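Per-entry structural report
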Amino acid sequence: MSQTMDPNNMPILSEASVSVEIETEDMTLNIGPQHPSTHGVLRLVAKVNGEKISSVEPVLGYMHRGYEKLAEVRTYPQVTTLVNRIDWVSGFANEIPFIAGAEKLMEIEVPERAQYIRLILTEMARISSHFVFNGAFPLEIGALTPIFLAMEDRERVLDLLESVTGGRFHPNFNRIGGVKPVAGAGPTTKKDIQDLPAGFYHDTKVAMEKVLKAVDTFEDLIGGNEVFQARTKKVGVLTKEVAEEYGVSGPILRASGVEFDLRKQSDYLPYDKFDFEIPIGENGDCFDRWSVRTSEMRESAKIILQAIEDMPSGPIQAKVPKVIKVPKGQTYVRAENPKGEMGYYIISEGGLGPYRLKIRTASFSNISILPIMLEGALLPDLIAIMGSLDFVLGDVDR
Amino acid sequence: MSFSSELLIKVLVVLATAPVMALGLTLLEVKGSAWMQRRPGPLHVGLRGFIFPLATAAKYFQKETIIPKDVDEPVFKWAPAWVIAAVVGLFTIIPLSPTLVVRDLELGVFFLLAISSISTIGVLTAGWSSANKFSLMGGLRAAGQLIAYELPLILSVVGVVIQAETMSTVGIVEKQIEFGFPFVIAGQGIAFIIFMIAATAEMMRTPFDMPIGESELTMGFMTEYSGIRFLIFYISEYINLFVMCAIASTLFLGGYHIPLLPTEWVNFYGPLVLIGKTFILAFLLIAVRWSFPRFREDQLQTLAWKVLIPVSLLNIMVTAIMKVVF
């Protein structure tokens, strides 16, 4: 403090009064946009009284990239490169609802094999996203080791994704009416075209067995840890009613006890052919959100193992015109992404690109419950709650 | 040898030993954590990464010291000195052999408890003077934590003092030699566990690292520090680890003594034995650090006041009764 005191104006000691009651004032604590555990550039303006939070106001928009507007000046096949980057932890899964929406407007029947490939890769994206969660969540509440184990196992899944699509995070692999063949495979409507790399089935089987093993390890190492349980159980409880009112979706909603999974409800991919369960939580606390995601990894691995068992043969691309124009109309297609429900509202005026594209992302709706959940929480719980919501800032701001 | 020249030599030896031990423990930490996390750890600096800690320390010397505009400058600048003075001061009472000790104080254990609380002042002033809300919260958390864990630390040592009938650290080791067993086996096992838990909290290591809590408070009271002052905080953390583990092995594990070795050679093997025991204990704490998440502030206080303090009081009672009976 560099202020100088005027000797003539000094307060006289005898005049100073001491109030018996100590007046306390809430301190405004700016958490973020640059903060280690806000997953990027989320800013929380918190009013804190000691360690206790009295109110929180999330401030968004630091990562707004204008994808909805950008999509208006791009053709349909070009939009997938954009939507890959919305939730970058599971880039592949973002493409699916958009492509499915465009196909719905064009009334294209997608070949079964292409649908299976999409399904396998979507589930791989889910597994890799939940691996990141299993590393990052314990990291935020202070356990530094699980992230290394999670990254090591995630790498196997990403290697598989890369071997098929050529990209680890931004595959840009879906085409309207099908998927991309391997490089130099020739015309895509041919009967038996090479689409998956050699040894893919075997490698997938090995990798999925490893994933199943990793899930067991996590349930022991993270879920069985007493300190982890003390930090997450009965912390950040989200009731069924509040979750439904705020449009929360995905594992967070299921952890609160609502059995809602678009993979069972919707038909954007042939999930009805597989046998899998939807993990449901009981209390809706941070621990349940962790355990729902971890059990989901196991179910995803089971789906992939089933899918490669009865993979149909055939073409991977439906017949589409050279220049893709989507007929006039509008549609909304939603899908169960790793973070929750993701939907695209496409309005087409019959042009080369969408007239208007509205993107509904899971993380944006999911963090809308932050002010409610954080009211009255302790500061360390803020970190645990934010970590358990598993949001990605690209998915919030897009 | 005159008193002043003897003092000078002792001070120089301590000032040379403390950073070397801290660097050794840093190496143990980076290599140990890498081993636990299936990583290779540092590999390229020096022989298989073995001078990595030295390179890290040297790096901080060339970093710019940034002092933010609004900090209370003299307090901010002196805060690291309090912390390192407290931990280096504790070297005074660590006996490497019956004669190799800076000063065998009669009230050695008392000295330990008195000096180790000085670092609270450094941590609190660092948090207060930084003009940063995260630092302030870190500083206050640290103060609350250090005060709460001072008590179990003291109370767990009281059992040892009762059993050894002396407060001198050399005397406690000699008593254990006379006894035939280290105190950790002979009656003070619970006290040892409490001491290690309380020491972990004193050192602010995971699972008790809320004052630093990098995912909550960025770096707690150290947030605004950079360059050489950050290095002082960093290195005093490891010196503290060494000192606390050395004291634990002195009080509970028989210190410089190891059975079956000729006692007349103790001046030669004593230091090695003590450092060996210290590093084994330190590795235990390192393994704990890399296995557990951190507690919440209120859980930490609950653990101290509702579990550790009652149990250590009970331990004192039992020890006293046994002492009277036998």
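Since the model is a prediction, treat every value here as computed from it, not as a measurement.

**Re the overall build of chain A**
Counting its regular elements, chain A contains 15 helices and eight strands. By its C-alpha atoms, chain A is 95 × 50 × 40 Å across when sized along the principal axes. When the 398 residues of chain A are sorted by exposure, 50% land in the buried category. Within chain A, contacts between residues separated by at least 24 positions form 71% of all contacts whose residues are at least 6 apart in sequence.

**A look at the overall build of chain B**
Along the backbone of chain B there are eleven helices and zero strands. Ordered by position from N to C terminus, the α and β elements of chain B give α-α-α-α-α-α-α-α-α-α-α. Here the C-alpha radius of gyration of chain B, 20 Å, is about what a compact globule of 326 residues would show, namely 20 Å. When the backbone C-alpha atoms are referred to their principal axes, chain B occupies close to 65 × 50 × 45 Å. Split into buried and exposed, the 326 residues of chain B put 48% on the buried side.

**Let's talk about the packing of helix α2 (residues 76–83) of chain A against helix α3 (residues 91–106) of chain A**
Residues and elements named next belong to chain A. In the contact formed by α2 and α3, the axes pass within 9 Å of each other and the chain directions differ by 160°. As far as their axial angle goes, α3 and α2 are roughly antiparallel. Read as a crossing pair, α2 and α3 show a hand that is right-handed. Contacts between α2 and α3 involve Tyr76, Val79, Thr80 and Val83 on the former and, on the latter, Asn94, Glu95, Phe98, Ile99 and Ala102. Its residues assigned to classes, the contact of α2 with α3 shows six nonpolar, two polar and one charged.

**Let's talk about the nonpolar core**
The biggest cluster of nonpolar side chains holds 107 residues, and the ones touching the most others in it are Met124, Val211 and Ile385 of chain A. Looking at this core, the element that brings in the most residues is helix α4 (residues 112–140) of chain A, giving 13 residues. Excluding anything up to four places from it in sequence, Met124 of chain A contacts Val157, Leu160, Leu161 and Ile304 of chain A. In this structure, Val101, Ala164, Ile172 and Phe233 of chain B belong to the second largest nonpolar core, which totals 83 residues.

**Notes on the pairing of strand β7 (residues 340–348) of chain A**
Residue and element names in this part refer to chain A. Here strand β6 (residues 329–337) runs beside β7; their pairing, made up of nine bridges, is antiparallel. When the bridges of β7 are listed, Arg334 appears paired with Gly343. Taking the residues that link successive antiparallel strands as the turn, the β6-β7 hairpin has two residues.

**Notes on helix α4 (residues 108–116) of chain B**
An α-helix turns once every 3.6 residues. As a result, residues three or four positions apart point the same way. All names here are of chain B. When α4 is considered as a whole, its buried residues turn out to be Gly108, Val109, Leu112 and Ser116. All buried residues of α4 project into a common sector of 105° when viewed along the axis, lining one side. Packed against the buried residues of α4 are α3 (73–89), α5 (118–129), α6 (133–164), α7 (169–179), α8 (189–203) and α9 (227–252).

**Considerations on the confidence of the model for chain B**
All names here are of chain B. Across chain B, pLDDT averages 85, with 100% of residues at or above 70. Of all secondary-structure elements in chain B, the lowest mean pLDDT belongs to α7, at 83, while α9 reaches the highest, 89. For this predicted complex, the interface score ipTM comes out at 0.81, alongside a pTM of 0.85.

**Section: unusual backbone geometry**
In this model, Asp390 of chain A sits at a positive phi of 50°, which is unusual for a non-glycine residue. Tracing the sequence through the fold places Asp390 of chain A in the loop between α14 (379–389) and α15 (393–397).

**Examining the sheet that holds strand β2 (residues 43–49) of chain A**
Residues and elements named next belong to chain A. The three strands are arranged β1-β2-β3 in an open sheet whose pairing can be described as antiparallel. This sheet does not close on itself; its edge strands, each paired only once, are β1 (27–31) and β3 (52–59). Between one strand axis and the next, the sheet turns through 20° on average, direction left out of account. Alignment of β2 against β3, held across seven bridges, turns out to be antiparallel. Within β3, the residue paired with Asn49 across the bridge is Lys52.

**Quick look at the environment of Glu341 of chain A**
Residue and element names in this part refer to chain A. Tracing the backbone shows Glu341 in strand β7. Taking the C-alpha atoms as reference points, Glu341 and Asp261, separated by 80 residues in sequence, lie 8.6 Å from one another. Ignoring sequence-local partners within four residues, the contact set of Glu341 consists of Ser249, Gly250, Leu262, Arg334, Glu336 and Ala362.

**A closer look at the interface of chain B and chain A**
With 21 residues of chain B at the contact, the number on the chain A side is 25 residues. Looking at the side of chain B that touches chain A, its residues break down into six nonpolar, six polar and nine charged.

**Quick look at the confidence of the model for chain A**
Mean pLDDT over chain A stands at 83; residues scoring 70 or higher make up 91%. Low confidence marks residues 1–5 of chain A, where pLDDT is under 50. Its contacts with residues over four positions away, or in another chain, come to one contact.

Cut-offs applied
- Residues numbered from 1 in each chain as written.
- Chains lettered and ligands numbered in written order.
- Predicted model: local features only at pLDDT ≥ 70, side-chain atom pairs only at ≥ 80, totals over all residues.
- Helix = DSSP H or I, 4+ residues; strand = E, 2+ residues; numbered from the N terminus.
- Buried ≥ 20, exposed ≤ 12 C-beta atoms within 10 Å, placed from the backbone.
- Contact = placed C-beta atoms within 7 Å.
- Rg over C-alpha atoms; globule rule 2.2 N^0.38 Å.
- Axes fitted to C-alpha atoms, helices over the stretch in contact; angles between N-to-C directions.
- Parallel < 35°, antiparallel > 145°, perpendicular 65-115°, else oblique.
- Left-handed = near helix turned anticlockwise from the far one by under 90°.
- Nonpolar A, V, L, I, M, F, W, Y, C, P; charged D, E, K, R; others polar.
- Core = buried A, V, L, I, M, F, W, Y, C linked by C-beta atoms within 7 Å.
- Pairing = 2+ DSSP bridges.
- Arc of directions from axis to C-beta.
- pLDDT = per-residue confidence, 0-100.

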